[in-house]
Amino acid sequence: MPTLYLSLHPDNFQNHRVLIAARYAPTLPEVVELPEQGLPLQPPASCPLPKLPALESQPGVWVSGPAAVAHLLAPEWLRGQGPAGGALVRQWVSYAEGEIAPAACAAAFSALGLAEQTCWRPCCPQPRSLQHSTPPVEKGSMTQPFSLLLSFPHNPSRGSQKKAKAEKKEKKDPGVLTYDAPTRPGEKKDVTGPMPDAYSPQYVEAAWYPWWESQGFFKPEYGRQRVSERNPEGLFMMCIPPPNVTGSLHLGHALTNAIQDALTRWHRMRGETTLWNPGCDHAGIATQVVVEKKLWRERGQTRHDVGREAFVREVWKWKNEKGDRIYHQLKKLGSSMDWDRACFTMDPKLSYAVQEAFVRLHEEGVIYRSKRLVNWSCTLHSAISDIEVDKKELPGRTLLPVPGYKDKVEFGVLVSFAYKLEDSDEEVVVATTRVETMLGDTAVAVHPQDPRYQHLHGKHVLHPFTGRRLPIVCDDFVDMGFGTGAVKITPAHDHNDYEVGQRHGLDCVTIIDDSGCLINVPPPFLGMKRFEARGAVLEALKHKGLFKEVKDNPMVVPVCSRSKDVVEPLLKPQWYVRCEGLARGAADAVRRGDLRILPHFHCKTWFQWMDNIRDWCISRQLWWGHRIPAYFVTVDDSSVPPGEDTDGRYWVSGRSEEEAKDKAAKAFGVTPDKISLRQDEDVLDTWFSSGLFPFSIFGWPNASEDLQVFYPGTLLETGHDILFFWVARMVMLGLKLTGRLPFREVYLHAVVRDAHGRKMSKSLGNVIDPLDVISGITLEGLHAQLLESNLEPAEVERARQGQKSDYPAGIPECGTDALRFALCAYTTQGRDINLDVNRILGYRHFCNKLWNATKFAIRALGPGFKPPAPADGAESPIDRWILSRLSLAVELSDAALRAYDFPAATTAAYGFWLYELCDVYLECLKPVLAEGAAPAVAAARCTLYTCLDAGLRLLAPFMPFVSEELFQRLPRRAPHAPPSICVTPYPRAPLTLSPPANC
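Remember, predicted model here, so these are calculated numbers, not experimental data.

**Considering the overall build of the protein chain**
Consideration 1: Across its full length, the protein chain holds 31 helices and 33 strands.
Consideration 2: Burial status across the protein chain gives 54% buried among its 999 residues.
Consideration 3: Here the analysis covers contacts within the protein chain between residues at least 6 apart in sequence; of these, 76% occur between residues at least 24 apart.
Consideration 4: For the protein chain, the exposed area adds up to about 44700 Å²; of that, 52% sits on carbon and sulfur atoms.

**Section: the side chain of Asp817**
Consideration 1: Residue placement: Asp817 occurs in helix α26 (residues 816-826).
Consideration 2: In this structure, Asp817 is buried with no salt-bridge partner, the nearest side chain bearing the opposite charge being Arg820 at 5.0 Å.
Consideration 3: Beyond its immediate chain neighbours, meaning those up to four positions away, Asp817 contacts Tyr199, Glu205, Cys847, Phe958, Met959, Pro960, Phe961 and Val962.

**As for the sheet that holds strand β23 (residues 596-598)**
Consideration 1: Read from one edge of the open sheet, three strands run β23-β31-β30, paired in parallel fashion. Single-partner strands in this sheet number two, and they are β23 and β30 (713-719). In this sheet, neighbouring strand axes are inclined to one another by 15° on average, regardless of whether the strands run parallel or antiparallel.
Consideration 2: Strand direction decides the pairing type here: β23 and strand β31 (residues 743-749), joined by three bridges, are parallel. The residue bridging Ile597 from the neighbouring strand is Val746, located in β31.

**Regarding unusual backbone geometry**
Consideration 1: In this model, Pro523 is joined to Pro524 through a cis peptide bond whose omega is 5°.
Consideration 2: The omega torsion of the bond from Trp700 to Pro701 falls at 10°, within 30 degrees of zero and hence cis.
Consideration 3: Secondary-structure assignment places Pro701 in the loop between α20 (693-696) and α21 (705-710).
Consideration 4: Its identity is not glycine, yet Asp423 carries a phi of approximately 60°, on the positive side.
Consideration 5: Turning to its location among the elements, Asp423 is positioned in the loop between β14 (413-421) and β15 (427-432).
Consideration 6: A positive phi is found at Lys564, a non-glycine position, where the angle reads about 65°.
Consideration 7: Among the secondary structure elements, Lys564 is positioned in the loop between β21 (555-560) and β22 (568-577).
Consideration 8: By relative accessible area, which is 48% here, Lys564 ends up partly exposed.

**Here we look at the sheet that holds strand β3 (residues 54-58)**
Consideration 1: An order of β2-β1-β3-β4 is seen for the four strands of this open sheet, with the pairing classed as mixed. Two strands lie at the open edges of the sheet, namely β2 (30-34) and β4 (61-64), each paired on one side alone. Across the sheet, the axes of successive neighbouring strands diverge by a mean angle of 20°, strand direction being ignored.
Consideration 2: The pairing of strand β1 (residues 3-7) with β2 spans five bridges and is parallel. Within β2, the position partnered with Thr3 by the bridge is Glu30.
Consideration 3: Across the face of the sheet, helix α2 (residues 66-73) comes into contact with β1, β3 and β4 while running at roughly 120° to β4.

**Brief notes about helix α9 (residues 284-299)**
Consideration 1: Taking 1.5 Å of rise per residue, the 16 residues of α9 would be expected to cover 22 Å, and the 22 Å separating its terminal C-alpha atoms lies within 8% of that figure.
Consideration 2: When we look at burial in α9, the residues that qualify are Gly284, Ile285, Ala286, Thr287, Gln288, Val289, Val291 and Leu295.
Consideration 3: Buried-residue contacts for α9 involve α10 (303-306), α11 (308-322), β10 (382-383) and α19 (686-691).
Consideration 4: Of the residues one or two after α9, Gly300 is the one with positive phi, at around 70°.

**Let's talk about the pattern of salt bridges**
Consideration 1: Summed over all chains, the structure comprises 56 salt bridges.
Consideration 2: Arg303 serves as the salt-bridge partner of Glu292, at 3.1 Å between the closest nitrogen and oxygen. Of this pair, Glu292 sits in helix α9 while Arg303 is found in helix α10, placing the two residues eleven residues apart along the sequence.
Consideration 3: Residue classification places Arg303 among the buried residues on the basis of a relative accessible area of 5%.

**A word on the environment of Gly483**
Consideration 1: Its location among the elements puts Gly483 in the loop between β18 (469-474) and β19 (486-489).
Consideration 2: For Gly483, a relative accessible area of 39% translates into the label partly exposed.
Consideration 3: It is 5.8 Å that separates the C-alpha atoms of Gly483 and Ala431, two residues lying 52 residues apart in sequence.

**Things to note about the packing of aromatic side chains**
Consideration 1: In this structure the tally under the stated criterion is 42 aromatic pairs.
Consideration 2: Taking 6.0 Å as the distance between ring centres and 65° as the angle between the ring planes, the aromatic pair formed by Tyr209 and Trp212 counts as edge-to-face. Note that Tyr209 and Trp212 are positioned in helix α7 (residues 208-214) at a spacing of three residues, about one turn of the helix. For the pair shown, Tyr209 and Trp212 are each scored as buried.
Consideration 3: Ring centres of Tyr747 and Phe902 lie 5.8 Å apart, and the angle between their planes is 65°; this geometry places the pair in the edge-to-face category. A residue pair is termed long-range when its members are at least 10 positions apart, and Tyr747 in strand β31 and Phe902 in helix α29 (residues 902-931) qualify at 155 residues.
Consideration 4: Three or more aromatic residues joined by ring pairs form one cluster here, namely Phe358, Trp575, Phe632, Tyr650, Trp651 and Phe668.
Consideration 5: The ring of Trp212 has Arg265 lying over it, and the distance from NZ or CZ to the ring centre is 4.8 Å.

**So, helix α30 (residues 934-955)**
Consideration 1: With 22 residues, α30 should cover 32 Å at 1.5 Å per step; its first-to-last C-alpha distance of 31 Å lies within 8% of that length.
Consideration 2: Counting buried residues in α30 gives 17 out of 22 residues, a clear majority hidden from the surface.

**Section: the side chain of His463**
Consideration 1: Relative to the helices and strands, His463 is located in the loop between β17 (460-462) and β18.
Consideration 2: For His463, a relative accessible area of 3% gives the class buried.
Consideration 3: For His463, the side chain forms a polar contact with the main-chain oxygen of Met438, separated by 2.6 Å.

**As for the packing of helix α17 (residues 602-611) against helix α22 (residues 723-738)**
Consideration 1: At a minimum axis separation of 11 Å, α17 and α22 run at an interaxial angle of 75°. In terms of orientation, α17 and α22 fall into the roughly perpendicular class. In contact with His602, Thr605, Trp606, Trp609 and Met610 of α17, α22 contributes Leu723, Phe724, Val727, Ala728 and Val731.
Consideration 2: In terms of residue class, the contact of α17 with α22 is made up of eight nonpolar, two polar and no charged.

**Concerning the confidence of the model for the protein chain**
Consideration 1: For the protein chain, the mean per-residue pLDDT works out to 85, and 84% of the residues sit at or above 70.
Consideration 2: Counted against residues more than four places away or in other chains, residues 36-41, with its pLDDT under 50, gives 13 contacts.
Consideration 3: Taken as a whole, residues 992-999 scores under 50 in pLDDT and shows twelve contacts with residues more than four places along the chain or in a different chain.

**Concerning the environment of Val567**
Consideration 1: In this fold, Val567 is placed in the loop between β21 and β22.
Consideration 2: Separated by 193 residues in sequence, Val567 and Val374 place their C-alpha atoms 9.5 Å apart.
Consideration 3: When near neighbours in sequence (up to four residues on either side) are disregarded, Val567 contacts Asn375, Trp376, Ile384, Val389, Arg530, Pro558, Val559 and Cys560.

**Quick look at the packing of helix α27 (residues 837-861) against α30**
Consideration 1: The geometry of α27 relative to α30 is characterised by a closest axis approach of 10 Å and an angle of 150° between their N-to-C directions. Between α27 and α30, the angle falls in the class roughly antiparallel. Judged by the twist between their axes, the crossing of α27 over α30 is left-handed. Listed contacts from α30 to Phe846, Leu850, Thr854, Ala857, Ala860 and Leu861 of α27 are Arg941, Leu944, Tyr945, Leu948 and Leu955.
Consideration 2: Across the contact of α27 with α30, the residue classes tally to nine nonpolar, one polar and one charged.

**Observations concerning the environment of Gly300**
Consideration 1: Considering the arrangement of structural elements, one finds Gly300 in the loop between α9 and α10.
Consideration 2: Not counting the four nearest positions on each side in its chain, Gly300 is found in contact with Leu295 and Asp305.

**A word on the state of the cysteines**
Consideration 1: The full count for this structure, using the stated rule, is zero disulfides.
Consideration 2: For Cys947, which is in no disulfide, the shortest distance to another cysteine sulfur is to Cys942 and amounts to 9.6 Å.
Consideration 3: For Cys947, a relative accessible area of 0% gives the class buried.

What counts as what
- Residues numbered from 1 in each chain as written.
- Predicted model: local features only at pLDDT ≥ 70, side-chain atom pairs only at ≥ 80, totals over all residues.
- Heavy atoms only, no water.
- Helix = DSSP H or I, 4+ residues; strand = E, 2+ residues; numbered from the N terminus.
- Buried < 20%, exposed > 50% of the residue type's maximum accessible area, 1.4 Å probe, protein only.
- Contact = heavy atoms within 4.5 Å.
- Areas by Shrake-Rupley, 256 points an atom, 1.4 Å probe, with all protein chains shown as cover.
- Lys, Arg positive; Asp, Glu negative; His and termini not counted.
- Salt bridge = Lys/Arg side-chain N within 4 Å of Asp/Glu carboxyl O.
- Pairing = 2+ DSSP bridges.
- Axes fitted to C-alpha atoms, helices over the stretch in contact; angles between N-to-C directions.
- Expected span 1.5 Å × (residues − 1).
- Phe/Tyr/Trp six-rings, centres within 6.5 Å; stacked < 30°, edge-to-face > 60°.
- Lys NZ or Arg CZ within 6 Å of the ring centre and 35° of its normal.
- Polar contact = N/O pair within 3.5 Å; in protein donor to acceptor, adjacent residues only side chain to side chain.
- Parallel < 35°, antiparallel > 145°, perpendicular 65-115°, else oblique.
- Nonpolar A, V, L, I, M, F, W, Y, C, P; charged D, E, K, R; others polar.
- pLDDT = per-residue confidence, 0-100.
- Left-handed = near helix turned anticlockwise from the far one by under 90°.
- Disulfide = S-S within 2.5 Å.

Written as structure tokens, this is what we have:
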């Protein structure tokens, strides 16, 4: 009969887990109660193990520790059905023991009068893997069952008297451990010294990245002569979504790079020719704004003061001084990119590709010039893309700050005023959210079925300030239930009105210039700023007796994300890409299965965009960027009439001015000396050059070995928010210009939100810099960052309160590995990520568990240990059991990574280390190492080494630093083993035989 030894010390609550397992054990053990001896709890003298509870399963065979003892005592049905069920049981037990039990016991003791009630809220949320397995656990429901546990058999009666607590020894703070051994950049880290007592991110992460770079581990050429050399293991190529050169890391970048690096390292460890190509985007608007502010701050000059060429030189100077900051931050995250292949979208190689692409597409008629409404920033004096427009939702009347205005401007109201019917005293009342644009009205629209206006069809109203006759037109777009059912039409300043104007042949009267001032209007409005004219027009309408009312109106205000200015729709001649044919090819590629988009539900969005696409405006009125290689033609010949800017026949494109002149001369039938050219001042949309990125980085249109080998790529991984703006354009341009898809698969990850599920926002104070999570930061440091932002004082205070609420003690140092592991563990397909810093801290504690387990194992292996070949047949049942669990973890992790199921991959590695290796096997190993026979000790050491070696390789894609640090401290099986875990083969199942049936 097995014997179970328990201490009945009143502060020991670990007994409950063991006693419950013992009650249902196939063979009930004899329970021996040991007298209270104070803390720590000591086993009987005959027991060779250091702690209680302990189980003597047969004479001389001991196991100690609550996890190991409970696992061996519990019947099969308490361990869960199958591997998945067993893992779920172990997760529940660990969560209950670590989080619920201490919290609920505190409440139970308070309810029983045994202790003062303290804060008993669990510090960690319920693990995601458990949230859907059973009904949610309520904290209050825990009090009663844990009160009952206090009277469980073998638990002593505590009475109502409080027992004096044993005096706790004061723990000494070891401080921040740093690596200070003399190591030149690029040299291998010195790991010959003893391991520090505890895991320290700063110590562990020091020196490894420069060594990885210097050894060329991240290059696809590593281990082979040429990248084109045939590799039977295959090839993996992925390019980074190029971050803005002005940018700094945020958690979206961290998530993207954690996922991409995990995949890259996994493919590299599988022996594939692997390239993760870095790069950076020139970020036209953002970079120009940064340098313009710098010029004004330092010299009091605008870009117009210094001129275009000098300004561009200033931007390049700034880029060369500051532009590689993002690369340093990516290296801090451990990103294993081939930095020798890093590309900047304004590099000569990529600029040539942009020029070539424009010229080819223009020659084919895919790129054309047209005058249409664009999103215009009056502050930037440029058109902006849809992704640079923030939609600010207003519940009603709201005062908003607008650049260039001293006072805030009113939005969120609906103004009603009347137009007088021509030759009649009858009025037509219209409602608008932008009363100032009535100066550009050219019609009034009503619904053709609206009975209120049937008698007005075909009639006109008179404009009170310009005298224009405005026709009353019938259009189905009018909502009869909104306002009065009559709508003013301003085709030059509203997208919907522009469409109505096109359908009815209305004039487009532009009344707002590039700076946001009124033009083509009568005094006193001429020259006014657009929002100052709002009040003036309202007063003038009141003066004429035409004003009716103002009322609150929920609305969405488009705001430029770069300048914070209110976006103004303006008619501008611009360059467009004709997208219908390109989009059809992109949609068909997904329908045929040539391109896979994961998760699959994003395909619906893909088809919606591709099947209803509009032409793409690619002009930007900036100086920084790829200047459009198009030239306006003037012909010095009386037989050729002067051309208009919007007439595409008078525009030619060319790789050089000479080529463009020859094209123009041929087109107009004159000699080149009759041709004068003026190059377009505008630059191309940044997304145009980004759309060429998968092949321009390899030198397209010129042939190269890299282009032949690495294009098309294997995978494109990015956030789902740029599926259209970047992914779709890469696919369209890749198919058009190369005839091939740029990649075979697209994996779209979720958006990172805060712990409360809110979108990250500076004004909420919940934007987290991943470097602050890695290194830690005080609350005061977080507050100081707000002062460097562009927030309004009220927003700064709101953000301060948010930071104080979420991070009252600041953000603790978590380290890169913990951050990466947490982000991958959170990445459930198709769901946004609510990221809690406390969970990241929990994974730092996991790193400490790895550290202590490896430290114990190295000590157990002993000096001079030479690992033999694994699985030589001498393994004990517990050895075979742990090897089977390792084999399963390898199988689950490998399958999960193939399926982009990152939570499953991290759970497999985490569960093996924590619940099986540390909680069970290491506890069972201690008596074997202490008193086992030599063959059993040798087999146990070999098994232990196998678990450490393979377990670290399982973790390496997610935790590159700590896995490398610990891997380098292990001996090698082969004399010529790979020098780094980065290039060591990923473990493959099966690793060993299955365990015996009774294990």
